[in-house]
Amino acid sequence: MNIQDNLNNIKSTLPEDVTLVAVSKTKPISDLMEAYNAGQRIFGENKIQEMVEKHEDMPKDIEWHMIGHVQRNKVKYMAEFVSLIHGVESFKLLKEINKQAKKHNRIINCLLQIKIAEEDSKFGMSATDAATLLQSDEFSDLKHIKITGVMGMATFTDDMKQVETEFKFLKHTFSDLKNINTELNTISMGMSGDYKLAIDCGSTMVRVGSSIFGSRNYK
């Protein structure tokens, strides 16, 4: 199976209201262009430098999503072009994104990363912290960012019951936060191994990499 076939197979299983982010981290531009030529326009990277380099060399109608952990001192490199930042897990980071977006006269869309996994290695804020943030005066002062939803990463486990519980918790959190901010519309959850379950639990955006591009080559 090639990248185009993989992509078409996955797209054929997605409901119309679910967005596919092709996770292209560590993959060469030739692979991304194969997906691009098959109609894919949304790509997700987890390292800002790699995303910047690919953005420079690839067509400008691509939407770039930053899906990895974001260091505040690197926000400036992507502020000019990034479409959506998935992993916002602190107010400090939000403030920095706002500051850099302002320099480019942009409003950058962001998702609040909620910690849904039991693993310590996963980043994210609690549901309570997210609710507090959305209702704070400091947040309302940020005019160059827009929170469009939530993102979560489930525990890395074969226990699909646990993953399902975590996904449902994120959906529940989203519903609670939507009562505070009615503009929220995105739940980013689900990857190659569990995106169908994520969709069943309410996901509106799935991050799929290896099922499109094959296994990764980590240097």
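What counts and how
- Residues numbered from 1 in each chain as written.
- Predicted model: local features only at pLDDT ≥ 70, side-chain atom pairs only at ≥ 80, totals over all residues.
- Heavy atoms only, no water.
- Helix = DSSP H or I, 4+ residues; strand = E, 2+ residues; numbered from the N terminus.
- Rg over C-alpha atoms; globule rule 2.2 N^0.38 Å.
- Contact = heavy atoms within 4.5 Å.
- Areas by Shrake-Rupley, 256 points an atom, 1.4 Å probe, with all protein chains shown as cover.
- Lys, Arg positive; Asp, Glu negative; His and termini not counted.
- Charge placed at Lys NZ, Arg CZ, Asp CG, Glu CD.
- Salt bridge = Lys/Arg side-chain N within 4 Å of Asp/Glu carboxyl O.
- Buried < 20%, exposed > 50% of the residue type's maximum accessible area, 1.4 Å probe, protein only.
- Expected span 1.5 Å × (residues − 1).
- Polar contact = N/O pair within 3.5 Å; in protein donor to acceptor, adjacent residues only side chain to side chain.
- Pairing = 2+ DSSP bridges.
- Phe/Tyr/Trp six-rings, centres within 6.5 Å; stacked < 30°, edge-to-face > 60°.
- Right-handed = clockwise from strand over helix to strand, strands pointing away.

J.: When you look at the overall build of the protein chain in this model, what are you seeing that I'm missing?
T.: Secondary structure assignment for the protein chain yields 10 helices and eight strands. Relative to the globule expectation of 17 Å for 219 residues, the C-alpha radius of gyration of the protein chain, 17 Å, shows essentially globular dimensions. Put simply, 60% of the contacts in the protein chain that link residues at least 6 apart link residues at least 24 apart. Taken as a whole, the protein chain presents about 10,800 Å² of accessible surface, with 47% of it coming from carbon and sulfur. Averaged over its 28 positive side-chain charges, the protein chain has a centre that lies 5 Å from the centre of its 30 negative ones.

J.: How should I be thinking about the pattern of salt bridges in this particular structure?
T.: Side-chain pairs of opposite charge can arise where the charged atoms are in close proximity. All told, the structure shown has five salt bridges when counted by the stated rule. Across the salt bridge formed by E45 and K54, the nearest N and O atoms sit 2.8 Å from each other. The same class applies to E45 and to K54, which are both buried. Each of E45, E50 and K54 takes part in one network of salt bridges that share partners.

J.: Would you mind showing me how to read helix α8 (residues 160–180) here?
T.: Within an α-helix, residues lying three or four positions from one another point in the same direction, as the helix has 3.6 residues per turn. The terminal C-alpha atoms of α8 lie 31 Å apart, and with 21 residues this matches the ideal 30 Å at 1.5 Å per residue to within 8%. Listed as buried for α8 are Q162, V163, E164, E166, F167, L170, T173, F174 and L177. As for α8, its buried residues are in contact with α6 (127–134), β6 (145–151), β7 (186–188) and α9 (195–200). Sitting at the amino-terminal end of α8 is D159, which places a side-chain oxygen 3.1 Å from the backbone nitrogen of K161.

J.: Can you walk me through the pairing of strand β8 (residues 205–208) in this structure?
T.: Every other side chain in a regular strand lies on the same face of the sheet, so the side chains alternate between the two faces. Burial along β8 is two-sided: M205 and R207 facing one way and V206 and V208 facing the other are all buried. Of the pairings in the sheet, the one linking strand β1 (residues 19–23) to β8 comprises four bridges and is parallel in character. Bridge pairing in β8 places T19 opposite M205.

J.: Got a minute to help me understand unusual backbone geometry in this structure?
T.: The general pattern is negative phi for most residues beyond glycine and trans for most peptide bonds. The phi angle at T26 is positive, at roughly 70°, despite the residue not being glycine. In this structure, T26 sits in the loop between β1 and α2 (29–37). Its relative accessible area of 17% is what places T26 among the buried residues. You will see that N105, though not glycine, has its phi angle at about 55°, which is positive. Of note, N105 is situated in the loop between α5 (91–103) and β5 (108–113). Overall, the relative accessible area of 66% leaves N105 in the exposed class.

J.: Just to check I follow, could you spell out the packing of aromatic side chains for this structure?
T.: By the definition in use, this model includes one aromatic pair. Consider the rings of F43 and W64, whose centres lie 5.9 Å apart with planes at 35°: the pair is tilted. Taken together, the positions of F43 in strand β2 (residues 42–45) and W64 in strand β3 (residues 63–66) put the pair 21 residues apart, joining distant regions of the chain. Each member of the pair, F43 as well as W64, carries the same accessibility label: buried.

J.: Help me understand the pairing of β6 in this model?
T.: Extensive coverage of β6 is indicated by the burial of six of its seven residues. Looking at chain direction, β5 and β6 are connected through six bridges and run parallel. Bridging from a neighbouring strand, L111 pairs with G149 of β6. With three bridges joining them, β6 and β7 adopt parallel strand pairing. Residue G149 lies in a different strand from β7, and its bridge partner there is T186. What joins β6 to β7 is α8, and the crossover it makes is right-handed.

J.: Before we go on, may I ask you to explain α5 in this structure?
T.: The end-to-end C-alpha distance of α5, which contains 13 residues, comes to 19 Å, matching closely the 18 Å that a straight helix rising 1.5 Å per residue would cover. Regarding α5, the residues found buried are L93, L94, E96, I97, N98, Q100 and A101. Tucked inside the fold, the buried residues of α5 contact α4 (75–78), β4 (84–88), β5, α6, α7 (137–140) and β6. Just downstream of α5, N105 is the residue with a positive phi angle, here 55°.

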